[in-house]
Each structure stands twice: as structure tokens, then as C-alpha cells.
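Observations on the three-dimensional arrangement
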Amino acid sequence: MIVPPSGYSSVGPPQTELDWLAFLQGKITEGRADILKYIAYYEGEQQKMAFAQARYKTAFRDLFNDWRDNFCGLIIDSATERMRVDGFRIPSEGGMSKEAREFWQRNSLDSLANAVHLDAMVQGKAYVIVWADKDGEPLVTPVSAEEMAVQYKPGSLTELEAAARFFMDSWGRTWVTLWTETYVYEVPLGNTQWEQGTRKPNPLGRVPVVPFHNRSRINGDPYSDLANVIPIQDAINKITSDALLASEFAAWPQRWVSGLEIQEDENGNPIEPFRVSVDKLLQAENEKAKFGQFEAADLKNYVNFINLLVQHMSSVSRTPSHYFLVNQGTAPSGEAIISAEAGLVSKVKERMLYFGEAWEQVIRLCFQIKKDKRAEEVSLETVWADPEYRTEAQHIDALLKLKQLNVPEEILWMRAGFSSAEIEMFREMRKDDAKAAKEVSELGPQAPQPGAPGEGKAAAMAGKPPQGNSGNVSRKLNEKK
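Here the structure is a predicted model, which is why all the values come from computation and not from measurement. (Residues numbered from 1 in each chain as written. Predicted model: local features only at pLDDT ≥ 70, side-chain atom pairs only at ≥ 80, totals over all residues. Heavy atoms only, no water.)

What about the overall build of the protein chain?
- Of the regular secondary structure elements, the protein chain holds 14 helices and 13 strands.
- Pairs at least 24 residues apart make up 62% of the contacts formed inside the protein chain by residues separated by at least 6 positions.
- Of the roughly 29800 Å² that the protein chain leaves accessible, carbon and sulfur atoms contribute 53%. (Helix = DSSP H or I, 4+ residues; strand = E, 2+ residues; numbered from the N terminus. Contact = heavy atoms within 4.5 Å. Areas by Shrake-Rupley, 256 points an atom, 1.4 Å probe, with all protein chains shown as cover.)

Structure, rendered in C-alpha cells:
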């Protein structure tokens, strides 16, 4: 049963605009709790000290209210910082697409693309809307999963049947838009009555929304990279709080004394017999009195346990252990660091498969808006920057070896880390150099410059015997007969 705010109800698959809006809004509402939880853990706002007893929570709440020791952000950032789209290649054109790069730059996707990858890995999914602006140019708009939902066609994993965005601006006004293959239904900004929307034909003939799903399964929803990390993060917070309590109550030696009569005040409460300090000496008149102290609690057990949990977190998230500064903070170097980061690099490359396919759909929609036949170019592929970190010497040495295999220079430039814009600049520079060299060669012999020897003097110099230690044979050859 679909029950939109207007009170209209229907049974079965959505048929009308109101049915679709109610159905898709229900999908957003159903998953909002998990999305907000993942966002809180990524930003470190979930931190709640898990004290064993309520009295400890009351005593230390103010002291540790702003305490932060969150690894969730590190796990996400260590992967997204290695994801950078360098351009789009169309094999039939023999290189990078200038038009695709123009779409990318006009919509500021150099920075916004990272936000899409970040949201997809944190929340499990993100979306991009492609539509035409007032000048007919493609407008690419990233959208959070907090305000958008989509529905695939029955039996399909790639084709969308409908999508809806429920946007609220800074003044609390809502803006609702529904896209299907045949029409676009839009409720005016600030209007909460869905029945008062306007319906227009969809000129694209397809839903202009591209989902970015984080490792979606065939039968299952995409999931956040924090899903398996959160329980370990909670355990780390719990052990850390226990260590903080132990440092407060048992981290220094507790003293004891026996053989003394316990003094009480008028209310029957025991009176502390000594005021212990650094410059005071304890003494007792009773010869049977004995003094001693308990050993302080060893906090190394907590440290070892936290290190164990961090290692589990490293294994589950495939984040190198040296990112967490375990093993006394010793970071590997050389070949060891390449081996240590192999899991993270593989994880990033896997995400590139999913996100790269989505970006290709975005570019195809941009071509479709421009009524370009390349909208049906199935061979379009996303070119990513190399996600592996290596020393400059290792990198250049590997490229020189590839050059010996006759790998084209432009491929080597891309693998060297140069952007498509820089490569295009290299091409123009090489053209300018070739043009300048051609112009110089066409000028022919140059006129003698002022101060240069004339023809007669040049001939005399040419006929002059060689100077220096040229040998007897050379001298005889140049003797006058």
C-alpha cells in the first residue's frame, strides 16, 4: 500500500506520478537511519564513551565530551584520495576526448567527482543528474542518497525505470522532481502538495540519473565501506574508555596502613589519618603499625588489546597497518611499502570498475544532450590516474623500460601522471617545435654576419696547414711544390 502525504492510496506497482513519488520517498525513509549512522562515524560525531558504570559516565562526560579517536575517516580517505579521473578515451578517435574533458571541466567535476566517490563509499551510494541548462549545455549535478532514490526496470541491473529527488533548501522549502523515460513531473519550489506539480515530456527518452553504487551485488543493496568497521571502532572506544578509567583510579600505587585505630567524626564517618604529599613523612606511635602499597595497574594490557583491534580493522578494511601507526609507528619503505599497500591498491582499482562505468554513463548523457552520435559509443572508457604510490626514480625507470618496448609516448605520459590537459599542451608544443625547425631549414644558407670572415679570408683559412701536432704526413701534403 502506497500512502503519499495527500492521502491518495493505490495497490500494486506505481502507476501515477503520486504513486511513484510516495514509493521512492519510502525507499529514502527506509534507509535514512543507516545513512546518517555512516555519516556520523565518518565525521567522528558518533563518539560515545562506553563507560562500564553510570557513575563513571557522569564523572567523565564533560572531560571526554569532545574526545576524538576515529579511524573510520582514515579508512575512507585513504582510498578516495587515490581516485582521480584523468579523462575519457574513445578508441575509435585514437585518444582522449576533448569534448568529454570540456564537459568535465565546465561542471567543476575535478573536485565534485571526489565528493561523489566519498559519499558512495561512506553511504553506499550516490547519484548524478545530467540535464540541459538554459543554454543547452550539459549540467552535471551530484546528489546525495539522503535526498534521491531510483527504481530499476524489472529484471534489469542497469536500466532505470524512475528516479525522484526530494530537495530541501536552506529556508526549509521543498522541491520535488520525478523522472521517467516518458515524462518529468516537477512540484514547484516550496509547494508541499504533490498533486499541484506539472508534467512535461522527457526529451532524452531515458531517466537522466546515474547511480554510483559501492560494490552492489546481483541480489542485494550496495553497502558502505564502514559497515564491517563500525563494530571494531566501537570496541576500540570501549577499551580506550576502560584505559582512561584505569589511569584515573589505578594507575598510581595505592597506599595502605594496618595497626592503627580508625578515628571517626561525630557522624561516625572515618577520618583520614594522613594527608599524603611529596614533602610529608608518615609516622605512627603504635609499634605494630605497618605501611605498604599496592602495585599500580599496568596499562600495557589495554594498549596491546587496542593494537590487536586496530590490526583486525586493517585486515577487514584492507588499509595498510602503517596507516594506523601500529608496530611502534615504524613505516615500511622501498619494496616493502609497495607490498604493504597492495591490498589497498587492489581495493581502489575494484572501486574504479564500478565508478568508472557510472562516469561513462554520465558522459554519454552529456553527448545525448548535445545530440552527438557518441551518446551511443559503447567503447567509451574512463581513464584513471595511477592509484599506486612509487618513488620517482622507480616510476621513471619503469617508463623508460616500457619505451624500449616501443610503447607510444602519449601512453607513457599518461602513466607518468600528466593530466590530459598537460598532454594536450605537450602535443601543441611538439607541433610548434616542428614548425620552427621547418622554418629554419627553409631559410637556406645564412648571410655572413658583421665581423665574420669574408669568402677570400675563409678560403685562405681553409688552405692553411693544420695547426698543432698533426704529424709529418700532414705537413708534407700541404707543402708548396
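Re the environment of Glu376
- Topologically, Glu376 is positioned in the loop between α9 (342-369) and β13 (381-384).
- Note on Glu376: relative accessible area 65%, which makes it exposed.
- When the C-alpha positions of Glu376 and Gln361 are compared, they lie 9.9 Å apart, and in sequence the two are 15 residues distant. (Buried < 20%, exposed > 50% of the residue type's maximum accessible area, 1.4 Å probe, protein only.)

Some details on the packing of aromatic side chains
- Tallying each qualifying case throughout the model produces 8 aromatic pairs.
- For the pair Phe212 and Phe355, a centre-to-centre distance of 6.2 Å together with 45 degrees between the ring planes defines the contact as tilted. Taken as a pair, Phe212 in strand β10 (residues 209-213) and Phe355 in helix α9 lie far apart in primary sequence, 143 residues in all. Side by side, Phe212 and Phe355 carry an identical accessibility label, which is buried.
- Here the aromatic rings of Phe212 and Trp359 are separated by 4.7 Å at their centres, their planes lie at 65 degrees, and the arrangement is edge-to-face. (Phe/Tyr/Trp six-rings, centres within 6.5 Å; stacked < 30°, edge-to-face > 60°.)

A word on the pattern of salt bridges
- Under the defined criterion, the tally for this structure stands at 23 salt bridges.
- Between Glu147 and Arg165 there is a salt bridge whose closest N-O contact spans 2.8 Å. Taken together, the residues Glu147 in the loop between β4 (138-144) and β5 (148-152) and Arg165 in strand β6 (residues 160-168) connect sequence positions 18 residues apart.
- Using a relative accessible area of 17% as the deciding quantity, one classes Glu147 as buried.
- One salt bridge in this structure joins Asp372 and Arg374, with 2.7 Å as the shortest N-O distance.
- Residues joined in a network through salt bridges with shared partners are Arg215, Asp225, Arg318, Lys347, Glu350 and Arg351. (Salt bridge = Lys/Arg side-chain N within 4 Å of Asp/Glu carboxyl O.)

Some details on helix α7 (residues 300-317)
- Taking 1.5 Å per residue, 18 residues should reach 26 Å; α7 reaches 26 Å between its end C-alpha atoms and fits that length.
- When we look at burial in α7, the residues that qualify are Ile306, Leu309, Val310, Met313, Ser314 and Ser317. Summarising the axial view, the buried residues of α7 lie within an arc of 150 degrees, below the 170-degree limit, and thus occupy one face. Turned more than 90 degrees from where α7 packs its buried face, Lys300, Asn301 and Ser315 sit exposed.
- Positive phi shows up at Arg318, right after α7, with a value of about 55 degrees. (Expected span 1.5 Å × (residues − 1). Arc of directions from axis to C-beta.)

Focus on the environment of Ile232
- With respect to the secondary-structure elements, Ile232 resides in helix α6 (residues 230-249).
- Taking relative accessible area as the criterion, Ile232 reaches 14% and is therefore assigned buried.
- As a C-alpha pair, Ile232 and Val310 span 78 residues in sequence and 7.9 Å in three-dimensional space.

Some words on unusual backbone geometry
- The phi angle at Lys371 is positive, at roughly 55 degrees, despite the residue not being glycine.
- In this structure, Lys371 sits in the loop between α9 and β13.

Some remarks on the pairing of β6
- Two elements, β5 and β6, share 5 bridges in a ladder whose sense is antiparallel. Counted as the bridge partner of Gln151 is Ala162 from β6.
- Hairpin connection of β6 to strand β7 (residues 174-180): 5 residues between the antiparallel strands, including Gly172 at a positive phi of 80 degrees. (Pairing = 2+ DSSP bridges.)

Quick notes on the pairing of strand β1 (residues 85-90)
- For β1, the tally of buried residues reaches 5 of 6 residues, placing the bulk of the element in the interior.
- By the bridge criterion, 4 bridges tie β1 to β13 in an arrangement that is antiparallel. By the bridge assignment, Gly87 is partnered in β13 with Val383.
- Pairing of β1 with strand β2 (residues 95-96), which is carried by 2 bridges, proceeds in the antiparallel orientation. Bridge pairing links Ile90 to Gly95 in β2.
- Once β1 ends, the chain turns through 4 residues before running back antiparallel as β2, passing Gly94 with a positive phi of about 75 degrees.

Observations concerning helix α1 (residues 17-43)
- Compared with the 39 Å implied by 1.5 Å per residue over 27 residues, the 37 Å span of α1 between its first and last C-alpha is a close match.
- At Arg32, α1 shows its maximal bend, which comes to roughly 45 degrees.
- Considered for burial, the residues of α1 that qualify are Glu17, Leu18, Asp19, Trp20, Leu21, Ala22, Leu24, Ile28, Ile35, Tyr38, Ile39 and Tyr41.
- Gly44, located one to two residues past α1, shows a positive phi value of around 80 degrees. (Bend = angle between axes of the 7 residues up to and from the residue.)

Re the side chain of Glu377
- Structurally, the position occupied by Glu377 is in the loop between α9 and β13.
- Separated by 2.4 Å, the side chains of Glu377 and Ser379 make a polar contact.
- Contact partners of Glu377, with chain neighbours within four places excluded, come to Ile90, Ser92 and Arg364. (Polar contact = N/O pair within 3.5 Å; in protein donor to acceptor, adjacent residues only side chain to side chain.)

A look at a nonpolar patch on the surface
- A cluster of nonpolar side chains, namely Val257, Leu260 and Phe291, defines an oily patch on the protein surface of about 210 Å² accessible area.
- What makes Phe291 partly exposed here is its relative accessible area of 37%. (Patch = residues over 30% accessible without salt bridge, like charges linked within 9 Å, V, L, I, M, F, W, Y side chains within 5 Å.)

A few points about the packing of helix α4 (residues 98-106) against helix α5 (residues 109-123)
- Two elements in contact, α4 and α5, have axes separated by 7 Å at closest approach and are oriented at 75 degrees. In terms of orientation, α4 and α5 fall into the roughly perpendicular class. Touching Arg101, Trp104 and Gln105 of α4 are Leu109, Asp110 and Ala113, all from α5. (Axes fitted to C-alpha atoms, helices over the stretch in contact; angles between N-to-C directions. Parallel < 35°, antiparallel > 145°, perpendicular 65-115°, else oblique.)

Regarding the sheet that holds β6
- Reading across the sheet, the 5 strands line up as β5-β6-β7-β8-β9 and stay open at both edges, with antiparallel pairing between neighbours. The sheet terminates laterally at β5 and β9 (198-201), the two strands that pair on one side only. Going from strand to strand, the sheet's axes swing by 15 degrees on average, the running direction of each strand aside.
- Pairing of β7 with strand β8 (residues 183-187) involves 4 bridges; the strand directions are antiparallel.

So, to be careful, I would describe these as geometric facts and stop short of saying anything about function.
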